[in-house]
Amino acid sequence: MPPEIIPIIEEPALIVTNTETSLVVADIHLGIEWDLYRSGINLPSQMETRLERILGYIQANSPDRAVLLGDIKHNVPQVSWQEKDEIPHFLETLAEYTHVDILPGNHDGGIEFLFNRQKNIRVHSARGAVLDGVGYFHGHTWPAPELLAASHIIVAHNHPAVRFTDAFGYSIVEPAWIRTKFNAEILKGRFGNLDFENPAQWADPELFVMPAFNELCGGVPFNESTQEDLLGPIFSSGGIELEASEVYLLDGTRLGLLKNIRKLQHTRARTRPSGRRYKNSESSL
């Protein structure tokens, strides 16, 4: 049987069940408060609150592993005093309850030096890994070729969301799940040595794009984005079937295919007086 992938309702987290049970969260961005402080926004650390939320998932689901799908820390290229203080406690506390797998993101340089390496924590390649039959990578690199033989791949990095705008121009941005497929023709150009006729090398995997766990990161409205707006080579190259993506809200609502959502009045990108389109900013990332 293929792996079962179930979002936790109203939460940016997944439960993946195959021969084991895995809890998956992405884009935690511990230390973002320090970056905001330097920009003039003073917020207390939310680390303990985020840790308690994840421990709640663990208590409710008893996973064999917690998969942290990149960007555990926030500040790059430096490591802030906040991260030096909080990340060891965060990771080592999780490791007391379950095995921890880290798939590093572009913000995670040097994270292997921020915890006791005798703990139940493993840092994988930035190009991803196959864990219990499912491929995982953060999304800021091309995936390792072996991931393409998995039936399902889970990725993060873009903080997917949908923007809803009313007739007066007021809008809200809601985090979203994206479910799609790869564009095999684009991948053939990148992975020239891969035999796409061999199921042992190419399984035509289903791709799940995770929303950010840290709500302070904001989101990228996919209903207003082209492939050139998205982050990471697999996205910006057209390596995913963007228009054929299915979009779901965290409460489980299926909004439909992205190409159809773009046509709806309340999800259509509005323009500024100058005629320029609204664009989500990720300047802090």
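Further up the page is the structure itself.
Criteria and cut-off values
Residues numbered from 1 in each chain as written. Predicted model: local features only at pLDDT ≥ 70, side-chain atom pairs only at ≥ 80, totals over all residues. Heavy atoms only, no water. Patch = residues over 30% accessible without salt bridge, like charges linked within 9 Å, V, L, I, M, F, W, Y side chains within 5 Å. Areas by Shrake-Rupley, 256 points an atom, 1.4 Å probe, with all protein chains shown as cover. Salt bridge = Lys/Arg side-chain N within 4 Å of Asp/Glu carboxyl O. Helix = DSSP H or I, 4+ residues; strand = E, 2+ residues; numbered from the N terminus. Pairing = 2+ DSSP bridges. Axes fitted to C-alpha atoms, helices over the stretch in contact; angles between N-to-C directions. Contact = heavy atoms within 4.5 Å. Core = buried A, V, L, I, M, F, W, Y, C linked by side-chain atoms within 4.5 Å. Buried < 20%, exposed > 50% of the residue type's maximum accessible area, 1.4 Å probe, protein only.

### Topic: a nonpolar patch on the surface
Part 1 of the argument: Residues Ile 41, Leu 43 and Leu 216 make up a contiguous nonpolar surface patch of about 220 Å² in total accessible area.
Part 2 of the argument: Topologically, Leu 216 is positioned in the loop between β12 (206-209) and β13 (220-221).

### A look at the sheet that holds strand β4 (residues 65-68)
Part 1 of the argument: The sheet built from six strands is open, its strands ordered β1-β2-β3-β4-β5-β6 with mixed pairing. Strands at the two margins of the open sheet, each flanked by one partner only, are β1 (4-7) and β6 (121-123). On average, each strand axis in the sheet is tilted by 20° relative to the strand beside it, whichever way the strands run.
Part 2 of the argument: Two elements, β4 and strand β5 (residues 99-102), share four bridges in a ladder whose sense is parallel. Note on β5: the bridge partner recorded for Ala 66 is Val 100.
Part 3 of the argument: Seen against the sheet, helix α2 (residues 47-61) touches β2 (14-17) and β3 (21-25) and runs at an angle of roughly 160° to β3.

### Let's talk about the nonpolar core
Part 1 of the argument: Counting residues in each nonpolar core, the largest one holds 28 residues, and the members touching the most others are Leu 148, Phe 182, Leu 187 and Ile 234.
Part 2 of the argument: For this core, the elements supplying multiple residues, two or more each, are β9 (152-155), β11 (171-181), β12, α5 (233-236) and α6 (258-261).
Part 3 of the argument: Those residues within four positions of Phe 182 in sequence are excluded, and the remaining contacts are Leu 148, Ile 153, Leu 187, Trp 202, Pro 205, Leu 207, Ile 234, Gly 239, Ile 240 and Glu 241.
Part 4 of the argument: Listed in part, the 27 residues of the second largest apolar core include Ile 8, Tyr 57, Ile 121 and Phe 213.

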